[in-house]
Protein chains: 2
Amino acid sequence: MSGENAPFGHVAIIGLGLIGGSIGLAVRECMPDVTVSGWDSDADVRAVATRRGLAHVVPDTVAEAVADADLVILCVPVRAMEEVAATLAGKLKPDCIVSDVGSCKVSVAEAIARVLPGQPIVPAHPVAGTEHSGPEAGFASLFKNRWCIVTPCAATDPDDAEKVMAFWRGIGATVETMAPDHHDLVLAVTSHVPHLIAYTIVGTASDLEEVTRSEVIKYSAGGFRDFTRIAASDPTMWRDVFLSNKHAVLEILQRYSEDLTALQRAIRWGDGDALFEHFAKTREIRRSIIEEGQDDARPDFGRGDHTGAVLPDGTAGD
Amino acid sequence: MSGENAPFGHVAIIGLGLIGGSIGLAVRECMPDVTVSGWDSDADVRAVATRRGLAHVVPDTVAEAVADADLVILCVPVRAMEEVAATLAGKLKPDCIVSDVGSCKVSVAEAIARVLPGQPIVPAHPVAGTEHSGPEAGFASLFKNRWCIVTPCAATDPDDAEKVMAFWRGIGATVETMAPDHHDLVLAVTSHVPHLIAYTIVGTASDLEEVTRSEVIKYSAGGFRDFTRIAASDPTMWRDVFLSNKHAVLEILQRYSEDLTALQRAIRWGDGDALFEHFAKTREIRRSIIEEGQDDARPDFGRGDHTGAVLPDGTAGD
Ligand SMILES: NC(=O)c1ccc[n+]([C@@H]2O[C@H](COP(=O)([O-])OP(=O)(O)OC[C@H]3O[C@@H](n4cnc5c(N)ncnc54)[C@H](OP(=O)(O)O)[C@@H]3O)[C@@H](O)[C@H]2O)c1
Ligand SMILES: NC(=O)c1ccc[n+]([C@@H]2O[C@H](COP(=O)([O-])OP(=O)(O)OC[C@H]3O[C@@H](n4cnc5c(N)ncnc54)[C@H](OP(=O)(O)O)[C@@H]3O)[C@@H](O)[C@H]2O)c1
């Protein structure tokens, strides 16, 4: 996408960690004529960002970073969005669109609108990431063929929403729109509660007196290992997500706990049919995910596709 | 390992699914002088086993399959072990060792001893598998560099235990011994409860009225996807595991539920510090697993190593 066709001439990224850094690298690769400026509150992060070229320029002040921007994307933890947005007041061009990548949308959109009244706002959430964070973690292809959910609200100008959607398509994402509260419920079940569950069982395992830490680690291939990867995600980011998406997370947790209690009861009373029926049902979901192309039956989840490597069978399982 | 050095001259495998089939292929590859016979109650499975060469011979009756065996390995679902072992009574050489691969050990060892009194018994559990099952699923390298836990009991002759351990080493596994009840507790936390949790949340997600099945599938990259893989595991096998390892599973589930309730309460009351502290702690476990070599920081978990492919960054995360 060239500068003429790119929806914005100058994009400013605030927060140069995994997501912010990846956006910077992706724009430089996919839209070479677009100017990218970046800023982070941490001088060390700014130094790494300069060295890695996460943006063309990484000035010392946020004012310089956003002065000429047509699009500002806030890429900081969810509960830092309001504070960071507040520092932009009076420093933006009047038609500069403010967007963000926060993992929950209702609270973030409200927070930004509160401190930047009158500024066009188009919240978005790229459903892509890794367990790593910080300015060394980003890479240009992070969003390729991943979903990005744009959540316009009543006040959003449809043209502005369209530009932000074109931007995400330009760096490789597949874009969907959703109402902010619906987004928060969908992500509570597909992401937030799974993370909380993983954090919990990994903690439970490490607290057991009868089983040593080393045993837990050694035999983690039996299923536990996948949970440890999720439970290694950034603590600041996830604390913020749970506190900000409290309502939807508690709602899903309540249902989950009821379902777990039912299975626990079936185990206690030896109700094999109830267990079998439940386990057979969940298999279907996996099949649909593979059919949908959201995953791959191969054990590397098709991650080798980038190099064209054909991968052999791997091991996980029991 | 040649026939002279191999601990057994003739190995019989009963149950030719993922694990049984993989053992057959592994023995044929790693111990070419050892004779492998196989049997399964299902004639279709026997036909596939013959076609794929999971054993040298796959006779029509279990009596023929075990007649000359020095080692019989039961590779059927945990709750079928007793019934299958009972069919072997009177058909084995007196010094033929009976082993199994069941995912829980106390109940299986008791069941086999009950129906084959006087026969040498050495239970084992290879901690390796995939989400697939059946006679098409096995492959020779499944146990390479994976743990196999051998759980001798008071009646086990140490020489017999040593032979079974040498057998597993011969097909690539790293062998540990453990008391049967300790095995069941360790596996409850590293495997059985993680599977139950995954089965539960995948079920909860598919029952939500407000969120469509298609949305759950689309946005599964946010964390949910790893759970769907686990929750696609064989329903029969897992029903049996939960019913047979009931005591340890219920014990771990109780602790897990208390821990989840504490985090849920922290979310409800906005206790960010408690959340942060918990999430920071679980990160450490992940680091230890990577240091221990049980996993890999690379997104394919090092599964590409077999082909020597260097894999790029992948995406999972939020
Ligand atoms: N990781 C994912 O999987 C993922 C996926 C989609 C969306 N998101 C969302 O993307 C956002 C960023 O996540 P990330 O994974 O990129 O995190 P990250 O790698 O930790 O990056 C966040 C960056 O923001 C900086 N920062 C923190 N507080 C700040 C403040 N008050 N002012 C300015 N900069 C500040 C951090 O600097 P310090 O390190 O000095 O604090 C860090 O450089 C979050 O809202 C998250 O919910 C994450
Ligand atoms: N999968 C894992 O991750 C894993 C890992 C370690 C240990 N294990 C243990 O290994 C054992 C086998 O699991 P698997 O994954 O190999 O399962 P599988 O692929 O389903 O194979 C089990 C085989 O046993 C046969 N079978 C079932 N009931 C039988 C009976 N009464 N008599 C004779 N054959 C019978 C099945 O035939 P039908 O299909 O006709 O029923 C099937 O061919 C289980 O005890 C499991 O706990 C599994």
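Because the structure is a prediction, the values reported are computed rather than measured.

### Re the side chain of B:Arg286
Consideration 1: Structurally, the position occupied by B:Arg286 is in helix α12 (residues 272-291).
Consideration 2: Here the side chain of B:Arg286 touches A:Glu131 through a polar contact of 3.3 Å, side chain to side chain.

### As for the sheet that holds strand β1 (residues 10-14) of chain B
Whenever strands of a sheet pair, they do so through backbone hydrogen bonds, lying parallel or antiparallel.
All names here are of chain B.
Consideration 1: Strand order in the open sheet formed by four strands is β2-β1-β3-β4, with parallel pairing between adjacent strands. Strands with a single pairing partner mark the edges of an open sheet, and in this sheet they are β2 (35-39) and β4 (97-100). Neighbour-to-neighbour, the strand axes of the sheet open up by a mean angle of 20°, direction not taken into account.
Consideration 2: Taken together, the four bridges between strand β3 (residues 71-74) and β4 define a ladder with parallel strand orientation. Bridge pairing in β4 places Ile 73 opposite Ser 99.

### What about the domain arrangement of chain A?
Residue and element names in this part refer to chain A.
Consideration 1: The assigned domain composition of chain A is domain 1 (10-179) and domain 2 (182-308).
Consideration 2: Placing the centre of domain 1 and that of domain 2 at their C-alpha centroids yields a distance of 29 Å.
Consideration 3: Opposite the 18 residues of domain 1 that make contact, domain 2 presents 19 residues.
Consideration 4: Roughly 1,600 Å² is buried in total at the junction of domain 1 and domain 2, and carbon and sulfur atoms are behind 60% of that figure.
Consideration 5: Looking at the side of domain 1 facing domain 2, the largest losses of area belong to Arg 79, Ser 103 and Glu 131, adding up to 34% of the total buried there.
Consideration 6: Our count for the contact surface shared by domain 1 and domain 2 stands at one salt bridge.
Consideration 7: Note that Asp 240 is salt-bridged to Arg 79, the shortest N-O span being 4.0 Å.
Consideration 8: Between domain 1 and domain 2 we count eight residue pairs in polar contact (both at pLDDT 80 or more) in total.

### Brief notes about the environment of B:Ser37
All names here are of chain B.
Consideration 1: Checked against the element boundaries, Ser 37 lands in strand β2.
Consideration 2: If near-sequence neighbours (up to four positions away) are discounted, Ser 37 is found in contact with His 10, Val 11, Ala 12, Ile 13, Ala 55, Val 57 and Ala 65.
Consideration 3: Of the polar contacts made by the side chain of Ser 37, one reaches the backbone oxygen of Ala 65; its length is 2.7 Å.

Rules behind the numbers
- Residues numbered from 1 in each chain as written.
- Chains lettered and ligands numbered in written order.
- Predicted model: local features only at pLDDT ≥ 70, side-chain atom pairs only at ≥ 80, totals over all residues.
- Heavy atoms only, no water.
- Helix = DSSP H or I, 4+ residues; strand = E, 2+ residues; numbered from the N terminus.
- Polar contact = N/O pair within 3.5 Å; in protein donor to acceptor, adjacent residues only side chain to side chain.
- Pairing = 2+ DSSP bridges.
- Axes fitted to C-alpha atoms, helices over the stretch in contact; angles between N-to-C directions.
- Domains from an automatic or database assignment.
- Contact = heavy atoms within 4.5 Å.
- Buried area = accessible area lost by both parts, 1.4 Å probe.
- Salt bridge = Lys/Arg side-chain N within 4 Å of Asp/Glu carboxyl O.

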